[in-house]
Structure formats: C-alpha cells, structure tokens
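Here's the letter readout for the chains.
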Amino acid sequence: MELFELTIHELHDKLKKKEVSSMEATKSMLARIEAVEPKVNAFITVTADQALKDAAEADKRIADGDMVTLTGIPVALKDIFLTKGIRTTCASRILENFVPPYDATSVARLKARGAVLVGKLNQDEFAMGSSTESSYFGKTSNPWKLDCIPGGSSGGSAAAIAAQEATATLGTDTGGSIRQPASHCGCVGLKPTYGRVSRYGVIAYASSLDQVGPVTRDVTDCAIMLEAVAGYDAKDSTSVDLPVPDYTKALTGEVKGLKIGLPREYYIEGLDPDVQKSMEEAIATYRQMGAQFQEVSLPHTDYAVATYYLVATAEASSNLARYDGARFGHRSEAAQSLLDMYRKSRAEGFGEEVKRRIMLGTYALSSGYYDAYYLKAQKVRTLIMHDFIKAFEQVDVLLTPVAPTPAFRIGEKTSDPLQMYLSDIFTIPVNLAGTCGISVPAGLSRAGLPIGLQLIGKPFGEESILRAAHAFEQNTDWHKRRAAL
Ligand code: GLN
C-alpha cells in the first residue's frame, strides 16, 4: 500500500511506530497530487513548500515523543478557510489574490494538533452550488468518473479524498455542501450541529446555516477530525460552550435497540432506483444488526428548498456587501468614480451564480417584500425545525438518502438553476433545523458511481450518528472501494 492511501488512524500508527516519517508520507501525497491533478483539478493552490516545512516539524515532534492525533498527517482545506500567508480565494475572481493575515479557528486547531497542510481545495464560488462547476478556477472532476461532477460546494474536499490527494480534508456545509459531495465521491462527510464548530475565519455565505466539518475515508477519521476542530471559540459568538466528547470512544459498533426513523416524505417517487436500492439494503443491514425502524413524518419538507433559497440568499446579499473593491479583493481598473468602482469591481469580480443570489437576496430583503418573503421564510424555518423536534421524540436518528440521484454529468444542470437547487432536497432541512448529519458510503450505482446514506441526529447528537455510521461501516465494505484513476 502507498502512503497516500492510508487513513489518519493507519498513518498515525505507522508514524508512532516510526515505520515511516511524516516527510515520507507528505512527499508521497505531493507526488500523488502531481500525478492526478491534471485529471481531477481538486486543488486551487498546492502548498508544497509549507507542507515540507510542516512535515519536518512534525517529525521533530515525533522524535521528541510529543505526538498528538494529527501530528504529521497531510490534510487539505476548502479554499473558504482563511490561512495566514496562504492565498484564500473562495473560488472567486474577487479574491483571486487575497492573502489573509490570520488563520481560521479550525485551521489553527488543526495546526495545533500537528497537521501538515498540503493545499487549498476547489469549490463552488462562495460555496454557492452543488457541483463545483461555478469556480473561477475551473471545474473539478469526480474521480470515479471524470465526466461527472464531484458534488458541491465542497467538491474539491471530496474529490481530493476519493483521488487520495489528502488523508483528510475540511469543508463547509450550508445546505448540504459536505454531505452531498461526500456521497457523490464515496467518502464520509459530517455536518455538525450549528454552533459545534467555530465559524471564525471561514468566509461567510449564510451565517445562520454555515458549519465546518470533515470529509474523510472512514468514520473513525471523521470522529478524529471533528474532535480536533469542535468546541467553543470566544471569537464566534454562535459557537456553543459545551464540552467536546471523545468522539472515537463513541464508536462501539453497537446499534442494538437503536430506533431509526424513516421520514415518509424522503422516500418519494422520483428517487433514482439505484439510490432506492442502496437505501433498502442499508435498512436490511441495520435490521440484521438489531436496530429498529419506524416511519416518521417531516410534514414541511416540501417547503425546505424554497425557504432555504430565501434565507440563504438574503444572508449572502448582506455578507457579500463587503466585497466592494475598496478594502480588499479585486478592484476594477476601469472605474471613473467611487460608485463606479464599487459597481465595476463587483461586476468583474463575481460570477453568474453569485450575482443571481445577491439579486435574489437583496430583493427578498427589500422594503415591501421583506414580510412576504424573508419573514415568511423565517416562520417556515421554525416549522421545519419543529418537524425534527417531533420526529426525535419518537426515534434516535433518521436514515435518508443524501441526494436523489448519484453524481450527474458535468454541464447537465448548469443551464437550469432550479434543477440544481432541487438536488439538495434531503440535506437542506438539516441546516434549516440546525442539527447534525453524516453521509456514509452505502453503495454503487449500475454506472459505478458512489451512493451515500445520510444519518441525521438530534442537536449535539454527533456521537450517535457517528456510532451508527461506524457500525454500518463495520458490516459493509463500501468505504473500502476506491476510484480507479
Ligand atoms: N447547494 C446549496 C447551495 O447552493 C448548498 C451549498 C452549501 O452547502 N454551501 O446553496
């Protein structure tokens, strides 16, 4: 086995036993990146020099017996995380040359645990999308089938894992952006409860929905990464001051007696037959392991996509007001006056989808329409939240598909934004409710594309979804399948 193929826990063991060095693992990863990037394009920036420095540092710590969970492990980050001294673009022309003066809290936490940064990953521009087709830095391919999308917006984070270009990655999830690409690329991806991980230093899209989370090869790695980044941060007032559990301890393999809910509204006509089949097989697997199933209802599911596209775009229009060419980012050379500079810098700097959303959001917030759209959406959001509260009075976790279909072909939905928006139907409600969800590999389509299943947990119920996901992994081998690149 090559070093770039190992999980965090496998590499950690080898580093600990001094069978390999972080320098060897990092060089193996950098060579892998060089070999497959022409096909995949998962990275916007490869930080080879930084990685070699980090690796040398890690090897010193290992020699000193000063090793922690991520010491010497090569990781990569969605390009939405501010990284001190390393260009951070959010896949937008407007931040093409932006070099942040500080690290996001989750980046600082990974560094404190010894991680080696190999690069910054491609995504949809400002995390707006489901396919990583809206990046200013080109599209990313699905390593399983290069003419298909990897999902989005954290498409680079999932493609890099599937193509074995990083041992683990971080993404962000506002409406499914970790879980959906993880599902499409055969990885594990977790969106934590709102407030579980600090958003400080993460470029804001929709602040009441955004959360940071890991994309990994297996559930154990996911638990390790979550533990590394979770916890209260005084710099993010929405982060919650609750102790961080030992998530790897939660992985007991035991699901006997676990009550799993199947939301009636999620098992609908129109679900792709391959996805349907994988869900049925997963349910059978859990039954054999002693879990119990029960149908539940999330009656406001139909309104989730519309609600999300009002709340998210409204927040985005406000968050993206700061890109005006005055303080940082792209400034138009053609401007004749101050107002002209704002206009032209934004017109040149933002892509189509970002502009569409700024317009939608500005409209929804404008006087006269605020009550009809934004306020109404907030009320429906509360109803959706209550749907989950009620369901969790009856069951411990919910099991659903992550996406209605496996990965679609590049270009298939770009001309029809509404079709693209609808592909997030099963992930968006979790963000609106503020709770947690994980995507785990659960099958392959007849065309050979990965299919993920989603486990949704109660607020701060990350341990229970990790435990249930891990138990599934113990009884299946989908997570061991690799894309042939
Ligand atoms: N696809 C959704 C959107 O376009 C979700 C994106 C995300 O989670 N960042 O907004």
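Here, every reference points to the structure presented above.
Residues numbered from 1 in each chain as written. Predicted model: local features only at pLDDT ≥ 70, side-chain atom pairs only at ≥ 80, totals over all residues. Heavy atoms only, no water.

Focus: the overall build of the protein
Helices and strands together make up the secondary structure of the protein, namely 15 helices and 11 strands. Taken over C-alpha atoms, the radius of gyration comes to 21 Å for the protein, in line with the 23 Å a tight globule of 485 residues would show. Along the first, second and third principal axes, the C-alpha set of the protein runs to 65 × 55 × 45 Å. Across the 485 residues of the protein, 61% fall into the buried class. Counted over contacts in the protein with a minimum sequence separation of 6, partners at least 24 positions apart contribute 76%. If you average the places of the 53 positive and of the 58 negative side-chain charges in the protein, the two averages end up 2 Å apart. (Helix = DSSP H or I, 4+ residues; strand = E, 2+ residues; numbered from the N terminus. Rg over C-alpha atoms; globule rule 2.2 N^0.38 Å. Buried < 20%, exposed > 50% of the residue type's maximum accessible area, 1.4 Å probe, protein only. Contact = heavy atoms within 4.5 Å. Lys, Arg positive; Asp, Glu negative; His and termini not counted. Charge placed at Lys NZ, Arg CZ, Asp CG, Glu CD.)

Observations concerning the site of the ligand
Residues in contact with the ligand amount to 15 residues; listed here are only the nearest, G175, S177, Y205, Y308 and D424. Residue R357 places a side-chain N or O atom 2.8 Å away from an oxygen atom belonging to the ligand. Protein contact buries 100% of the 290 Å² of open area that the ligand shows by itself. Of the residues assigned to the shell around the ligand, the class counts are five nonpolar, seven polar and three charged. (Near = heavy atom within 4 Å. Polar contact = N/O pair within 3.5 Å; in protein donor to acceptor, adjacent residues only side chain to side chain. Areas by Shrake-Rupley, 256 points an atom, 1.4 Å probe, with all protein chains shown as cover. Nonpolar A, V, L, I, M, F, W, Y, C, P; charged D, E, K, R; others polar.)

A closer look at the packing of aromatic side chains
Under the definition given, this model contains 16 aromatic pairs. With 5.9 Å between their ring centres and 45 degrees between their planes, Y363 and Y373 make a pair best called tilted. Taken together, the positions of Y363 in helix α11 (residues 352-365) and Y373 in helix α12 (residues 371-394) put the pair 10 residues apart, joining distant regions of the chain. The partly exposed category is assigned to Y373, whose relative accessible area is 32%. Members of the aromatic cluster, connected to one another through ring pairs, are F98, F126, Y323, F328 and F350. Over the ring of F408 we find K413, and its NZ or CZ is 4.4 Å from the ring centre. (Phe/Tyr/Trp six-rings, centres within 6.5 Å; stacked < 30°, edge-to-face > 60°. Lys NZ or Arg CZ within 6 Å of the ring centre and 35° of its normal.)

Some points on the nonpolar core
L110, F126, Y286, L399, I438, L455 and L466 are the most contacted members of the largest nonpolar core, which totals 125 residues. For this core, the element with the highest residue contribution is helix α7 (residues 219-229), accounting for eight residues. Apart from the residues lying within four places of it in its own chain, the contact partners of L455 are Y286, V397, L398, L399, C436, G437, I438, V440, I465, A468 and A469. V40, A76, A160 and A166 belong to the second-largest nonpolar core, a separate cluster that totals 18 residues. (Core = buried A, V, L, I, M, F, W, Y, C linked by side-chain atoms within 4.5 Å.)

Let's talk about unusual backbone geometry
With an omega dihedral of 5 degrees, the bond running from G152 to S153 counts as a cis peptide bond. Here S153 lies in the loop between β3 (116-121) and α5 (155-162). A positive phi angle, close to 60 degrees, is found at Q164, a residue other than glycine. Tracing the chain through its elements places Q164 in the loop between α5 and β4 (168-173). Overall, the relative accessible area of 6% leaves Q164 in the buried class.

Observations regarding the pairing of strand β2 (residues 74-78)
Judged by how many residues are buried, β2 sits mostly within the fold: five of five residues are covered. Here β2 pairs with β3 via five bridges, running parallel. Counterpart to V75 in the pairing with β3 is L117. In this fold, the crossover linking β2 to β3 by way of helix α4 (residues 105-112) has right-handed handedness. Note that β2 and β4 share three bridges and pair parallel. Paired with A76 across the two strands is T169, which belongs to β4. (Pairing = 2+ DSSP bridges. Right-handed = clockwise from strand over helix to strand, strands pointing away.)

Digging into the state of the cysteines
Applying the stated criterion to the full structure yields zero disulfides. In this structure C90 is a free cysteine whose sulfur lies 19 Å from that of C185, the closest cysteine sulfur available. No disulfide involves C436; its sulfur sits 11 Å from the nearest other cysteine sulfur, which is in C222. (Disulfide = S-S within 2.5 Å.)

Side note on the pattern of salt bridges
Applying the stated criterion across every chain yields a total of 17 salt bridges. Residues E19 and K14 are paired through a salt bridge, measuring 3.5 Å at the closest nitrogen-oxygen approach. Residue classification places E19 among the partly exposed residues on the basis of a relative accessible area of 48%. The partner of R409 in a salt bridge is E412, with the nearest N and O atoms 3.8 Å apart. Salt bridges here are not isolated pairs; linked through shared partners, they connect E353, R356 and R357. (Salt bridge = Lys/Arg side-chain N within 4 Å of Asp/Glu carboxyl O.)

Re the side chain of T427
As for its position among the elements, T427 is in the loop between α13 (417-422) and α14 (428-433). At 2.8 Å, the side chain of T427 forms a polar contact with the backbone oxygen of G175. Excluding its chain neighbours within four sequence positions, the residues that come into contact with T427 are G175, G176, R179, V402 and Q454.

Here's the deal with the environment of G368
Here G368 shows up in the loop between α11 and α12. Owing to a relative accessible area of 69%, G368 belongs among the exposed residues under this scheme. Sequence separation between G368 and G155 is 213 residues; the distance between their C-alpha atoms is 38 Å.

Thoughts on the side chain of T26
Along the chain, the position of T26 falls in helix α2 (residues 22-40). Setting aside anything within four residues of it in sequence, one finds T26 in contact with A51, L52, A55, P74 and V116.

A look at helix α10 (residues 338-349)
End to end, α10 covers 16 Å across 12 residues, agreeing with the expected 16 Å (1.5 Å per residue, within 8%). Within α10, burial applies to D340, M341, S345 and G349. On an axial view of α10, the arc spanned by its buried residues comes to 135 degrees, and they lie on one face. (Expected span 1.5 Å × (residues − 1). Arc of directions from axis to C-beta.)

Some words on the packing of helix α9 (residues 304-319) against α12
Two numbers describe how α9 lies on α12: the axes approach to 9 Å, and their chain directions differ by 125 degrees. Relative to α12, α9 is oriented oblique. In this structure, α9 meets α12 at a crossing whose hand is left-handed. Side by side, α9 and α12 meet where A304, T307, L310, V311 and A314 of the first sit next to Y373, Y374, A377, Q378, V380, R381 and I384 of the second. Tallied by class, residues from the contact of α9 with α12 come to nine nonpolar, two polar and one charged. (Axes fitted to C-alpha atoms, helices over the stretch in contact; angles between N-to-C directions. Parallel < 35°, antiparallel > 145°, perpendicular 65-115°, else oblique. Left-handed = near helix turned anticlockwise from the far one by under 90°.)

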